[in-house]
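Summary of the model geometry
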Amino acid sequence: PVNKKILVYAGIIRPEKGIDFLLDAMAYLSESREDIVLLLIGPVETWLSESERHFADYQVQRILGDELKELVYFVGKVDNVQEYFQSSDVFISASYREGFPNVLLEAMAVGLPPVVIDIPEVHSNILVDGIDGLVLKERDHEIFAKHIERLVDDRELYCALSSAAYDKATSK
């Protein structure tokens, strides 16, 4: 998408990843913004349980429907995630749980500032809110969307978080 701020999520499409939350945030953003889109990268795996598969299929149908048309682009499984990261502006995640969030560090390593919903004992070991990302304690899609807007509208904040995220992910 040309002349758009590109948000990116990468990971499997299943309930614990908060995809429905991200789509709700995008629907909220669409009420006032035409310059922000989301690339949703990740597979809908065949090994998912029936309920997880139903959830994933429903989210894909939401993306393909009128509500999110031209706002969310479902890319599916790719082998070149880094290329998508390099073409994006902000990494977002609303997971309910994670092991070690490799994808977060991969995004930060290309300078993508993250906006995430806090997972205690995961993000606190990696991110400092307002320094190298935006970490939200509450699970409210409107507040999440407003933090995204703040980040893409405030060039100084964006540059500071992007630089700090890159430095943290690439330092040893």
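What comes next concerns the included structure. (Residues numbered from 1 in each chain as written. Predicted model: local features only at pLDDT ≥ 70, side-chain atom pairs only at ≥ 80, totals over all residues. Heavy atoms only, no water.)

**Quick look at empty space enclosed by the protein**
- Counted by the stated rule, this structure contains 1 cavity of 30 Å³ or more.
- Size it by volume and the largest cavity reaches roughly 30 Å³.
- Lining of the largest cavity is provided by K5, D89, L151, V152, R155 and Y158.
- Residues belonging to the lining of the largest cavity are distributed by class as follows: 3 nonpolar, no polar and 3 charged. (1 Å grid on protein atoms, 1.4 Å probe; cavity = no way out; pocket = protein on both sides within 12 Å on 5 of 7 lines; lining within 4 Å. Points joined across faces, edges and corners; volume = space filled by probe spheres on them. Nonpolar A, V, L, I, M, F, W, Y, C, P; charged D, E, K, R; others polar.)

**Remarks on the pairing of strand β5 (residues 114-117)**
- Side chains P114 and V116 of β5 all project onto a buried face; the interleaved residues V115 and I117 project onto the opposite face, where all are buried too.
- As paired elements, strand β4 (residues 90-93) and β5 share 3 bridges and run parallel to each other. The residue of β5 that forms the bridge with I92 is V115.
- Taken together, β4, helix α4 (residues 102-108) and β5 form a β-α-β motif whose crossover is right-handed.
- In terms of strand pairing, β5 meets strand β6 (residues 134-136) through 3 bridges, oriented parallel. Among the inter-strand pairings, V116 is bridged to a residue of β6, identified as V135. (Buried < 20%, exposed > 50% of the residue type's maximum accessible area, 1.4 Å probe, protein only. Helix = DSSP H or I, 4+ residues; strand = E, 2+ residues; numbered from the N terminus. Pairing = 2+ DSSP bridges. Right-handed = clockwise from strand over helix to strand, strands pointing away.)

**Things to note about the environment of R62**
- Looking at where R62 falls in the secondary structure, it is placed in helix α2 (residues 50-64).
- Distance from R62 to D20, taken between C-alpha atoms, is 9.2 Å for residues 42 residues apart in sequence.

**Concerning unusual backbone geometry**
- The phi angle at E70 is positive, at roughly 65°, despite the residue not being glycine.
- Inspection of the secondary structure assignment puts E70 in the loop between α2 and β3 (72-76).
- By relative accessible area, which is 57% here, E70 ends up exposed.

**Concerning the pattern of salt bridges**
- Within the structure shown, the criterion is met by 11 salt bridges.
- For E52, the salt bridge is made with R14, and the minimal N-O distance between the two is 2.6 Å. Here R14 lies in the loop between β1 (5-10) and α1 (19-30) and E52 lies in helix α2, a separation of 38 residues in the sequence. Exposure class is identical for E52 and R14. Each is buried.
- Salt-bridge contacts for D118 lead to K137; the nearest nitrogen and oxygen are separated by 3.1 Å. (Salt bridge = Lys/Arg side-chain N within 4 Å of Asp/Glu carboxyl O.)

**Remarks on the side chain of K17**
- Looking at the secondary structure, you find K17 in the loop between β1 and α1.
- Side chain to side chain, K17 and E98 meet in a polar contact 3.1 Å long.
- Residues contacting K17, with those up to four places away along its chain left out, are Y9, I12, A94, S95, R97 and E98. (Polar contact = N/O pair within 3.5 Å; in protein donor to acceptor, adjacent residues only side chain to side chain. Contact = heavy atoms within 4.5 Å.)

**Focus on the nonpolar core**
- L22, M26, L38, V72, I92, V115 and F144 are the most contacted members of the largest nonpolar core, which has 38 residues in total.
- Considering each element in turn, this core owes the most residues, 9 residues, to α1.
- Apart from the residues within four sequence positions on either side, V115 is in contact with V90, F91, I92, S93, L134, L136, F144, H147, I148 and L151.
- If you look at the next biggest cluster of nonpolar residues, it comprises 18 residues, including I6, A10, L39 and V116. (Core = buried A, V, L, I, M, F, W, Y, C linked by side-chain atoms within 4.5 Å.)

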